[in-house]
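Spelled out from the first residue to the last, the chains are:
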Amino acid sequence: MNHSHHDLLASLREKLPSHPALGTLIVGIWSVVESAQDLTEFCQGIGQVLQATTVCSAVQFQQQGPSGDWKRLVAIGSAQKVTTSQLGDWLQADVTPGTTAAIPIILLGEPNRIVILEGAAALTSEQLQATSQVLHFALQRFLENLTQTQRATHLKAMLSMVQRWHQTDDLPSLLNEMAECSTQFFAAERASIFLWDKPKHILVGRPALGVEDGKLVVPDDKGVVGAVVQTGQPRRVDDMLGHEVNRDIDKQLEFHTRSLLCVPLLDRKGRVFGAFELINKRSGNFTTQDEQGLVEIAVHAAAVLESSQQIAELLESRDRIAAAQAAEIQLIGESPPMLELRKNIDRISATKLPVLVLGENGTGKEVVSRMIHYHGNRRGQPLVSVNCAALPDTLLESELFGHEKGAFTGAHESRPGKFELASGGTLFLDEIGDMSLPGQAKLLRVLENQVLTRLGGQVDIEVDVRVIAATNQDLPKLVKENLFRQDLFYRLDVVSLHLPPLRDRGNDILILAERFLAEFARKARRDPPMLSSDAKNRLLSHMWPGNIRELRNTMERTAFLCDREIVTAEMLPLDTNNGPQVQQVPAQLDLSEATDRFQADFISYHLERSGGNMSQAAKNMGLHRSNLHRKMKQLGLLDERD
Ligand SMILES: Nc1ncnc2c1ncn2[C@@H]1O[C@H](COP(=O)(O)OP(=O)(O)OP(=O)(O)O)[C@@H](O)[C@H]1O
């Protein structure tokens with residue numbers, strides 16, 4: 001029955017002249033709607049009005065429970081017992097006239113109710129219909145009023161609670177006050193507020209009755225609180241799912257947790273900095289309303305805590321650490337590809353786009369991914385790295401996506417994966433080309449839906465993670481060979497950064513070499529030695545198969561092993577056979593032709609390496625630029641007019 005107010009009034013106005021008692025009924029019911037404090041009072045009031053106006057001997061209200069069973073809410077007069085099957089039949093009908101007349105009241109989202117009037121033979125079907133309409137409307141109105149009143153009372157209580165918190169300055173008293181107020185408010189046995197010390201991977205819970213200094217320290221990846229801070233989502237656990245509870249905490253507190261409700265504490269920027277937990281609802285389990293209420297309270301608690309001096313310091317120090325880390329990352333190099341790379345990093349750091357970093361071993365892929373993280377707005381959140389090549393397939397999935405207790409032999413407890421640990425921050429997937437195909441499928445799902453399921457788990461866990469993947473492999477080739485999923489490749493390749501090998505970075509080799517030399521000389525407590533020009537040429541002409549890592553190691557050895565002020569080419573610990581080879585000259589040429597051919601190849605090689613920069617190429621060959629120019633003309637490598 002779904003009447004608008006207008007329909008209802010129009011229909012009642014029509015019926016009123018032929019049923020004068022209907023007016024008295026409406027007035028009586030209305031006064032009950034206005035005055036009743038709860039549902040029982042409402043039913044009692046309505047029952048009395050119905051008994052008086054319809055001249056029934058008895059009235060009763062029945063309500064259906066969630067499992068289909070019926071319960072009598074209120075009885076006026078000597079109401080008879082009714083069977084479940086009879087109630088079921090009545091529920092099917094609109095109204096049922098007779099000596100025992102029944103009016104079912106069905107409101108969307110509410111339990112079904114039936115009003116039974118006994119000795120109501122005089123009531124016609126039409127009169128019962130009219131009564132039914134009034135009752136539906138009255139109940140609906142009453143329930144709306146009740147929700148509003150309850151909400152107002154709730155808000156008032158919350159306001160006075162929050163006001164008290166604002167007047168408490170020192171952190172331990174504030175936390176005690178919060179716990180005490182909320183246990184009363186939610187009828188729970190205990191409450192704790194956990195603050196997250198992220199760098200140390202621990203949660204510090206207060207107050208913790210029964211623990212020395214009232215402070216409970218737990219790992220940040222265990223139990224319900226661990227899951228809440230890692231995922232940023234509330235969790236509700238009742239008796240049935242008690243295994244999720246971290247029983248170590250129970251042991252420490254000498255307490256048995258039956259039911260638990262825990263919600264995250266978020267700072268102004270939406271970052272999780274702790275959790276608010278309620279333990280053991282005094283009767284039954286925590287409800288959805290409790291969860292909504294605690295989420296609401298946690299917003300106020302977080303605001304008060306955040307403005308508390310000590311928390312502000314904690315958060316600030318987190319920002320300071322991130323800033324220091326950002327400053328520490330150095331991407332050395334002034335060559336055109338490096339300048340371009342730096343520009344791209346600046347552009348993409350602020351976004352959440354996935355990034356694919358490509359380059360040979362040791363070209364700085366990890367440095368670049370760290371830079372993207374620490375220069376973006378996720379810098380205060382974790383940067384978690386996984387080397388996909390270092391883990392066998394089976395382990396990789398549980399490492400990335402986590403697992404539930406019993407998911408496989410040896411899974412003695414539930415564990416969040418690296419994805420969950422990187423929540424709010426960045427996940428660096430190194431050697432992505434080595435990931436197994438099942439792992440790739442799961443990764444794709446997470447990237448597409450921002451949701452994951454732990455191994456052996458049923459629940460979808462939302463994650464907010466930026467993914468940066470790196471590889472030295474040729475991914476398009478792996479795609480062609482069906483070793484890498486094409487859809488995943490496109491997902492990751494939204495932005496790709498190519499790191500050139502060191503041999504293509506021209507003078508950067510010398511900039512890097514000198515920086516590394518200075519760094520290691522400082523560590524060796526000596527003045528940095530100078531590189532002689534032949535040492536520089538030697539460094540420039542080396543092939544650097546190990547790229548920057550190799551250069552760094554070479555300079556480290558040089559700083560520690562060479563005790564001279566000037567490092568010459570011979571002192572560099574480099575494999576001399578490793579340099580690039582200029583093409584061999586055919587033996588049948590005469591000496592002058594062979595010399596010309598060699599010189600032309602040699603010059604072309606250096607010009608190519610310096611990207612056509614004549615001055616640089618001349619320098620690398622130990623020539624003056626004008627001499628190189630002349631030589632090139634002589635060898636026919638330049639037009640006469642150049
Ligand atoms: N541009 C750079 N400036 C300063 N140091 C760098 C630069 N690039 C790389 N390095 C240093 O070189 C070493 C190797 O870099 P990194 O680990 O980032 O390379 P990678 O490409 O990730 O290597 P791999 O493929 O072997 O994992 C590190 O010690 C890093 O600090």
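Scroll up a little and you will see the structure.
Described in the following lines is the structure provided in the data block. Everything numeric here is computed off the predicted structure, so don't read it as measured data. (Residues numbered from 1 in each chain as written. Predicted model: local features only at pLDDT ≥ 70, side-chain atom pairs only at ≥ 80, totals over all residues. Heavy atoms only, no water.)

## Some words on the sheet that holds strand β12 (residues 383–387)
In step 1: With parallel pairing, 5 strands are arranged side by side in an open sheet as β12-β13-β16-β11-β17. At either end of the open sheet lies a strand with only one pairing partner, and these are β12 and β17 (495–499). On average, adjacent strands in this sheet sit at an angle of 20° to one another, irrespective of strand direction.
In step 2: Pairing geometry for β12 and strand β13 (residues 426–430), over 5 bridges, is parallel. Across the sheet, S385 pairs through a bridge with F428, a residue of β13. (Pairing = 2+ DSSP bridges. Helix = DSSP H or I, 4+ residues; strand = E, 2+ residues; numbered from the N terminus. Axes fitted to C-alpha atoms, helices over the stretch in contact; angles between N-to-C directions.)

## Looking at the pairing of strand β16 (residues 466–471)
If a strand is regular, its side chains alternate between the two faces of the sheet.
In step 1: Counting buried residues in β16 gives 6 out of 6 residues, a clear majority hidden from the surface.
In step 2: Burial along β16 is two-sided: the face carrying R466, I468 and A470 and the face carrying V467, A469 and T471 are both buried.
In step 3: As paired strands, strand β11 (residues 355–359) and β16 are joined by 4 bridges and run parallel to one another. Residue pairing in the sheet places L358 in a bridge with T471 of β16.
In step 4: Here 4 bridges tie β13 to β16, and the two strands are oriented parallel to one another. Across the sheet, the residue bridging to L427 is V467, located in β16. (Buried < 20%, exposed > 50% of the residue type's maximum accessible area, 1.4 Å probe, protein only.)

## Let's talk about the site of the ligand
In step 1: Around the ligand, the surrounding shell holds 18 residues, and the nearest of these are I332, G362, K365, E366 and R549.
In step 2: I332 is positioned such that a nitrogen or oxygen atom in its backbone is 2.8 Å from a nitrogen atom of the ligand.
In step 3: Between an oxygen atom of the ligand and a side-chain N or O atom of K365, the distance comes to 2.7 Å.
In step 4: Protein chains bury 85% of the 630 Å² of accessible surface belonging to the ligand in isolation.
In step 5: Residue assignment for the shell around the ligand shows that the elements contributing at least two residues are α12 (365–374), α18 (508–523) and α20 (547–561).
In step 6: Within the shell around the ligand, the residues separate by chemical class into 7 nonpolar, 5 polar and 6 charged. (Near = heavy atom within 4 Å. Polar contact = N/O pair within 3.5 Å; in protein donor to acceptor, adjacent residues only side chain to side chain. Areas by Shrake-Rupley, 256 points an atom, 1.4 Å probe, with all protein chains shown as cover. Nonpolar A, V, L, I, M, F, W, Y, C, P; charged D, E, K, R; others polar.)

## Some thoughts on helix α3 (residues 39–54)
In step 1: The terminal C-alpha atoms of α3, which comprises 16 residues, lie 22 Å apart, in line with the 22 Å expected from a rise of 1.5 Å per residue.
In step 2: Burial in α3 covers these residues: L39, F42, C43, G45, I46, G47, V49, L50, T53 and T54.
In step 3: Contact partners of the buried residues in α3: α2 (21–35), β1 (58–64), β2 (70–76), β4 (113–118) and α5 (125–166).
In step 4: The residue sitting at the N-terminus of α3 and contributing the capping side-chain oxygen is D38; that oxygen lies 3.3 Å from the backbone nitrogen of T40. (Expected span 1.5 Å × (residues − 1). Contact = heavy atoms within 4.5 Å.)

## Quick look at the side chain of Q230
In step 1: Here Q230 shows up in helix α7 (residues 223–231).
In step 2: With a relative accessible area of 3%, Q230 lands in the buried category.

## Remarks on the sheet that holds β2
In step 1: Within the open sheet, the 4 strands sit side by side as β2-β1-β4-β3. Their pairing is antiparallel. Strands with a single pairing partner mark the edges of an open sheet, and in this sheet they are β2 and β3 (100–105). Averaged over all pairs of adjacent strands, the angle between strand axes in this sheet comes to 20°, irrespective of strand direction.
In step 2: For β1 and β2, the ladder comprises 6 bridges, and the chain directions are antiparallel. Of the residues in β2, the one forming a bridge with F61 is V74.
In step 3: Of the strands in this sheet, β1, β2, β3 and β4 touch helix α4 (residues 84–92), which is tilted by about 105° from β4.
In step 4: Contacts between α5 and the sheet are confined to β3 and β4, with β3 contributing the most and set at about 40° to the helix.

## What about the packing of helix α21 (residues 591–609) against helix α22 (residues 614–621)?
Helix packing for two helices is described by the angle between their axes and how far apart those axes are.
In step 1: Between α21 and α22, the shortest axis-to-axis distance is 8 Å and the interhelical angle comes to 125°. By the angle between their directions, the pair α21 and α22 is classed as oblique. Crossing of α21 against α22: the hand is right-handed. For the pair α21 and α22, the contacting residues are F602, I603, H606 and L607 in the first and M614, A617, N620 and M621 in the second.
In step 2: In the contact of α21 with α22, the residues fall into 6 nonpolar, 2 polar and no charged. (Parallel < 35°, antiparallel > 145°, perpendicular 65-115°, else oblique. Left-handed = near helix turned anticlockwise from the far one by under 90°.)

## Details of the pattern of salt bridges
In step 1: Within this structure, the stated rule accounts for 22 salt bridges.
In step 2: Residue R485 is joined to D487 by a salt bridge in which the shortest nitrogen-to-oxygen separation is 2.8 Å.
In step 3: Residue classification places R485 among the partly exposed residues on the basis of a relative accessible area of 29%.
In step 4: Where E519 meets R552, a salt bridge forms, and the shortest distance between an N and an O atom there is 3.1 Å. A residue pair is termed long-range when its members are at least 10 positions apart, and E519 in helix α18 and R552 in helix α20 qualify at 33 residues.
In step 5: Beyond isolated ion pairs, a larger network of salt bridges with shared partners links K352, R378 and D464. (Salt bridge = Lys/Arg side-chain N within 4 Å of Asp/Glu carboxyl O.)

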